[in-house]
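Below, each chain spelled out in residue letters.
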Amino acid sequence: MGLAVRSHRAARLRPFPGSALGFPFIPPAAFAAQPGSSRVAPPLRQGALQRWRRKEEARARRGAMALPGELWAELPAEKRIFSSVLLFSWAVYLWEAFLAHRQRRVYRTTTHVPWELGQIMDSETFEKSRLYQLDKSTFSFWSGLYSELEGTMILICGGIPFLWNLSGQISGRAGFGPEYEIVQSLVFLLLATLFSALTGLPWSLYNTFVIEEKHGFNQQTLGFFFKDAIKKFIVTQCILLPVTSLLLYIIKIGGDYFFIYAWLFTLVVSLVLVTIYADYIAPLFDKFIPLPEGELKQQIEVMAKSIDFPLTKVYVVEGSKRSSHSNAYFYGFFKNKRIVLFDTLLEDYSALNKEPAEGEEGENEETKSKTKNKKQGCKNEEVLAVLGHELGHWKLGHTIKNIIISQMNSFLCFFLFAVLIGRKELFAAFGFYETQPTLIGLMIIFQFIFSPYNEILSFCLTVLSRRFEFQADAFAKELGKAKDLYSALIKLNKDNLGFPVSDWIFSMWHYSHPPLLERLQALKDAKQE
């Protein structure tokens, strides 16, 4: 390609032999005196010649500048698609790296508690959160760079068609020929997820046992970590493979309107998974126990009843055996709502706030909590305020709105997939010249072709999420929980070592929750009242 480019460029700059100025060669005789006359060309003609030469020089320069565009247009469609995917991927990575650099600069330079945070955070906690977030940001930079390089090398070296062919060989040895595309697709999916798990394992180990351990959040042993990782992989395959096989089958037999059936299938699957997750999937990894009878449970039931929230059960999950980060959420549909509280959120229930009983130390070494860094947790009134915020999402319809947006997006993507799946150049761009497997088409279109749309949608949803968070805070304020929510947000920020200062562009692009100071300011007036 290099030689072709150079020769083409030379042809554009020297259209005729003998011309070294970038414009067509004009014989001097054209401007000489007429036969039988010794008179030279008049000044007017000489001026016109100079203007003409300047125009031709400008035209030649414009042609040279337009050359890359013309070369791009001359490339085959599959080459343009492949190059566009790579260029956009790196553009997104560089944009993310630029934002992360701005935020790391904030972490490095903001070494003292700003005056507006003086009554919220002490200097020791501020420094701990600064160093924790700086370590996380540095780790994210290197892991992100590796991920981008890995993805680029897979595309350039033909990793996707190689893995597909390998899957065909494996399924062929098991007695399934090329006509069993769904079987080959499942083998491909299994190998791809296994590759992803293995290449991501060193990064996960470093994040858990170096960064999280260093800053007092990791509560896992190495044995617990590997057992958990294996269990997650198996559970994921048990869900992913059957769902994928049914989806591919629906696409195969669905006819011209397969995208409607595929969308309806994914809708049902997502609703089922949301319904069964906390009851059947999450307990495989963490222990869920009913919240004991007492003042807190009674107050939660009273608050739920006051806003017509159909609460049926309240659980406490022992998240402290895995991490000291805290959380709370609700789940369920219609009249069957449940609330889940992490024990690290509850000051009276967290294992991190309790000393081990005599004779218990050394027992169950694999899963015991490391209590060297105790977390404060929240008092009952603050827990109620946090739940008031969470229930505000339900009362204000945020959950339903998110589901509607998600399903509208899913339907649009399946419709566009139906439009694009017949384009052979999309498959050829990624090395599939002879076959067009449905699973590969899903991967190409959803992951690569839709990537610009996905970036825009993700940013819009981030903006919407921040708006919802402010509304949920305002709902908790209407319940009379402004003061308790104010103190709970401060405690949770301290317990999780959240850094309260952020670069405005980084915050705008990444934060699904408003920065702490903005939330506190919105609650401040009501708190003072």
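Keep in mind the model is a prediction, meaning the values are calculated, not measured.

**Quick look at the packing of helix α9 (residues 258-281) against helix α12 (residues 398-420)**
Okay, so step 1: In contact at an axis separation of 9 Å, α9 and α12 are set at 145° when each is read in the N-to-C sense. The crossing of α9 and α12 is right-handed. For the pair α9 and α12, the contacting residues are Phe258, Phe259, Ile260, Ala262, Trp263, Thr266, Leu267 and Ser270 in the first and Gln407, Ser410, Phe411, Phe414, Phe415, Phe417 and Ala418 in the second.

**So, the environment of Ile281**
Okay, so step 1: Mapped onto the elements of the fold, Ile281 is located in helix α9.
Okay, so step 2: Ignoring sequence-local partners within four residues, the contact set of Ile281 consists of Val235, Ile239, Leu273 and Ile276.

**Considering the UniProt feature "transmembrane region" (unreviewed entry) in the protein**
Okay, so step 1: The sites that carry the UniProt feature "transmembrane region" (unreviewed entry) are, in the present numbering, residues 81-99, 182-206, 233-251, 257-278, 411-433 and 439-464.
Okay, so step 2: For the annotated span residues 182-206, helix accounts for 100% and strand for 0% of the residues, and the straight-line distance between the end C-alpha atoms is 36 Å.
Okay, so step 3: What you have in residues 257-278 is 95% helix and 0% strand, and the ends, taken at the C-alpha atoms, are 34 Å apart.

**Some remarks on the UniProt feature "binding site: Zn(2+)" (unreviewed entry) in the protein**
Okay, so step 1: With numbering matched to this structure, UniProt assigns "binding site: Zn(2+)" (unreviewed entry) to His389, His393 and Glu469. In three dimensions, the annotated residues from a span of 81 residues occupy one location, with a maximal C-alpha spread of 8.2 Å.
Okay, so step 2: For His389, the position within the fold is in helix α11 (residues 380-395).
Okay, so step 3: Apart from the residues lying within four places of it in its own chain, the contact partners of His389 are Glu469, Ala472, Asp473, Ala476 and Arg519.
Okay, so step 4: As for its position among the elements, His393 is in helix α11.

**Section: the nonpolar core**
Okay, so step 1: Core analysis: the largest hydrophobic core is formed by 35 residues, its most contacted members being Leu155, Ile160, Phe188, Leu247, Ile251, Phe430 and Ile440.
Okay, so step 2: Contributions of two or more residues to this core are made by α4 (77-109), α6 (159-173), α8 (222-253), α9, α12, α13 (424-428) and α14 (438-449).
Okay, so step 3: The greatest single-element share of this core, amounting to seven residues, is contributed by α9.
Okay, so step 4: Ile251 has contacts with Phe258, Ala262, Phe417, Thr438 and Leu442, leaving out every residue within four places of it along the chain.

**Some remarks on the packing of aromatic side chains**
Okay, so step 1: Taken as a whole and judged by the stated rule, the model has 30 aromatic pairs.
Okay, so step 2: Note on Phe258 and Phe259: the rings are 6.4 Å apart at their centroids and 85° apart in plane angle, and the pair reads as edge-to-face. Summarising the burial analysis for this pair, Phe258 and Phe259 share the class buried.

**A few points about the pairing of strand β4 (residues 337-342)**
Okay, so step 1: Among the six residues of β4, six are classified as buried, and the element is accordingly described as predominantly covered.
Okay, so step 2: Across the two faces of β4 the burial is the same, with Lys337, Ile339 and Leu341 and Arg338, Val340 and Phe342 all buried.
Okay, so step 3: Looking at chain direction, strand β2 (residues 311-317) and β4 are connected through six bridges and run parallel. Its bridge partner lying in β4, Val317 is registered against Phe342.
Okay, so step 4: As judged from the four bridges shared by strand β3 (residues 328-331) and β4, these two strands associate in the antiparallel manner. By the bridge assignment, Tyr329 is partnered in β4 with Val340.
Okay, so step 5: Counting the residues in the hairpin turn of β3 and β4 gives five residues, including Gly332, whose phi is positive at 110°.

**Re helix α10 (residues 295-306)**
Okay, so step 1: For α10, which comprises 12 residues, the first-to-last C-alpha distance of 17 Å matches the rise-based estimate of 16 Å (1.5 Å per residue) to within 8%.
Okay, so step 2: All buried positions along α10 are accounted for by Leu296, Lys297, Ile300, Met303 and Ala304. Considered in projection along α10, the buried side chains sweep an arc of 130° and stay on one side of the axis. Turned more than 90 degrees away from the buried face of α10, the exposed residues are Glu295, Gln298, Val302, Lys305 and Ser306.
Okay, so step 3: The secondary structure elements touched by the buried residues of α10 are β2, β4 and α11.

**Concerning the packing of α11 against helix α15 (residues 451-478)**
Okay, so step 1: At their nearest, the axes of α11 and α15 sit 8 Å apart, and the two run at 120° to each other. Judged on the interaxial angle alone, α15 and α11 are oblique. The two elements α11 and α15 cross, and the hand of that crossing is right-handed. Touching Ala385, Gly388, His389, Leu391, Gly392, His393 and Lys395 of α11 are Phe468, Glu469, Ala472, Asp473, Phe475 and Ala476, all from α15.
Okay, so step 2: A breakdown of the residues in the contact of α11 with α15 according to their chemical character gives six nonpolar, four polar and three charged.

Reading guide: rules and limits
Residues numbered from 1 in each chain as written. Predicted model: local features only at pLDDT ≥ 70, side-chain atom pairs only at ≥ 80, totals over all residues. Heavy atoms only, no water. Axes fitted to C-alpha atoms, helices over the stretch in contact; angles between N-to-C directions. Helix = DSSP H or I, 4+ residues; strand = E, 2+ residues; numbered from the N terminus. Left-handed = near helix turned anticlockwise from the far one by under 90°. Contact = heavy atoms within 4.5 Å. UniProt positions renumbered as here; feature names shortened; annotations may be inferred. Core = buried A, V, L, I, M, F, W, Y, C linked by side-chain atoms within 4.5 Å. Buried < 20%, exposed > 50% of the residue type's maximum accessible area, 1.4 Å probe, protein only. Phe/Tyr/Trp six-rings, centres within 6.5 Å; stacked < 30°, edge-to-face > 60°. Pairing = 2+ DSSP bridges. Expected span 1.5 Å × (residues − 1). Arc of directions from axis to C-beta. Parallel < 35°, antiparallel > 145°, perpendicular 65-115°, else oblique. Nonpolar A, V, L, I, M, F, W, Y, C, P; charged D, E, K, R; others polar.

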